[in-house]
Amino acid sequence: MAKSVEEILANVDLYAEDQRENLLAAAAAARTRSPIPHTGADGGYHVLTRYEDVRTVCADPERFSSGQPSIRGVPVRVIPIDTDPPAHREYRKILNPYFSRNFLLRYEEQMREIARAAVASFVDKGVCDVVQDFAIPFSAGSLAKIVFATENQDLVARGVAAAKQAALTSSPESFQALAGLAMEALAEVEGAGGEDTVLRALVTATVGGRPLTLEERLGIVTTLFLGGLDTTRGVIANIAYHLATRADVEPILRRPDGWQRELEEFLRYETTVAFMARTAVRDTEVGGVPVKEGDRIAVLFAAANRDPVWFERPDELVFDRPNVPHLAFGFGIHRCLGLHFARVQLAIAFEELLARTTNFRLADGAEISRQVGLSLNSPHRLDVTFDALPA
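We now turn to the structure provided with this report. All figures in this text were calculated on a predicted structure; none of them were measured in a lab. (Residues numbered from 1 in each chain as written. Predicted model: local features only at pLDDT ≥ 70, side-chain atom pairs only at ≥ 80, totals over all residues. Heavy atoms only, no water.)

1. With respect to helix 8 (residues 130-148)
Roughly 30° is the biggest bend found in helix 8, and it falls at isoleucine 136, with proline proline 137 one to four residues downstream. Counting buried residues in helix 8 gives 15 out of 19 residues, a clear majority hidden from the surface. The N-terminus of helix 8 is capped by aspartate 129, whose side-chain oxygen sits 3.0 Å from the backbone nitrogen of valine 131. (Bend = angle between axes of the 7 residues up to and from the residue. Helix = DSSP H or I, 4+ residues; strand = E, 2+ residues; numbered from the N terminus. Buried < 20%, exposed > 50% of the residue type's maximum accessible area, 1.4 Å probe, protein only. Polar contact = N/O pair within 3.5 Å; in protein donor to acceptor, adjacent residues only side chain to side chain.)

Laid out in structure tokens, this is it:
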């Protein structure tokens, strides 16, 4: 049974299934009472519910470390997410070229082929689970082409499962599984020829004049699994949910000149990565609340993106907003490395999906179960029906 707003505020637990339904309502209530509540869950942490507080903490790595970016802890490195300056700058310098829009567009036709193949697998049935039948195959296939540059579909399939489990549970076992998969992926590249990819960069790059250690390489690949698979899958599922439940969405997604402004509103409203963590480096304060050295802080992006100080009608999808300065990709030095990758994938995914389908509806009896944890607002499955269009 879902807990009420008052029950949640008595002891917030960002991983609790029974708090998921009313969590954002509880955050809204907290903003008017005590905007930075403290909870005893998972060893205790402060919860940031206001846009300004979230942005302040994310913009100040000298006071708030990203060394442990998960409330429940991450037992393996997730570089560069878990790295503070100056090392963070070195890692991003290695990775940034492979996530520029120009680099990614080299693979546009291959990503379209992946999307078309996924759609072809279900288009004649008139029904599909958007998550399993489309979002996962497309996001995983795109990642394999651009990052792994591998045709090893077994490795990709195991990566999908492991990334989803790690995002849901943050358990040591799930991250150990990811590390094992990272070793396999790196072993395929090391010592072999091939195209210029992230993995090839990792086995040849240097930091401070030395090669990356195995731990550093594994940490980066683990991060790519998490960021490249689970989050993009979640955004596709979230947009598809609105496609199936709102008549005004399909015309928007079919606009020949694109739907960039509307995408930003989707990202604000359905913040896929709901929260991450920071640790106070010294005694300080946030929004007037004292914070001691070592205190843990939950940076609740999902709540910040519903802050009425910044967004009129925050709990509604409003497609004609003149400006959508959302924090769905984070803020500061840790702003999402893959934001261009996500935007390219989303444009391709819905262009190819709607080239063969129309008139989406939720399937009869469909239950939309949304997961908690890193991906708060992302369905496990999304059963829809549709009408097929000619090839």
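2. A closer look at the packing of aromatic side chains
Under the defined criterion, the tally for this structure stands at 13 aromatic pairs. With centroids separated by 6.0 Å and ring planes inclined at 85°, the aromatic side chains of tryptophan 259 and phenylalanine 350 adopt a geometry described as edge-to-face. Taken together, the positions of tryptophan 259 in the loop between helix 13 (249-253) and helix 14 (260-269) and phenylalanine 350 in helix 16 (residues 339-356) put the pair 91 residues apart, joining distant regions of the chain. There is no split in this pair, since tryptophan 259 and phenylalanine 350 are both buried. These aromatic residues form a ring-pair network of at least three members: Phe122, Phe134, Phe138, Phe360 and Phe386. One Lys or Arg, arginine 268, reaches over the ring of phenylalanine 311 and ends 5.3 Å from the middle of that ring. (Phe/Tyr/Trp six-rings, centres within 6.5 Å; stacked < 30°, edge-to-face > 60°. Lys NZ or Arg CZ within 6 Å of the ring centre and 35° of its normal.)

3. So, the nonpolar core
Side chains of a nonpolar character, in soluble globular proteins, are inclined to be buried together. Among the nonpolar cores identified, the biggest contains 92 residues, and Phe134, Leu202, Ile236, Ile239, Leu253 and Phe350 are the most heavily contacted of them. The element contributing the most residues to this core is helix 12 (residues 214-245), with 14 residues. Dropping the residues within four chain positions of it, isoleucine 236 is found in contact with Val130, Phe134, Ala135, Phe138, Leu346, Ala349 and Phe350. (Core = buried A, V, L, I, M, F, W, Y, C linked by side-chain atoms within 4.5 Å. Contact = heavy atoms within 4.5 Å.)

4. Brief notes about the sheet that holds strand 11 (residues 357-362)
Pairing is antiparallel in the open sheet, where three strands are placed in the order 4-12-11. Looking at which strands have only one partner, the edges of the open sheet turn out to be strand 4 (127-129) and strand 11. Strand-to-strand twist in this sheet, taken as the mean axis angle between neighbours without regard to direction, amounts to 35°. On the sheet, helix 16 packs against strand 11 and strand 12 (383-388) and is oriented at approximately 100° with respect to strand 11. (Pairing = 2+ DSSP bridges. Axes fitted to C-alpha atoms, helices over the stretch in contact; angles between N-to-C directions.)

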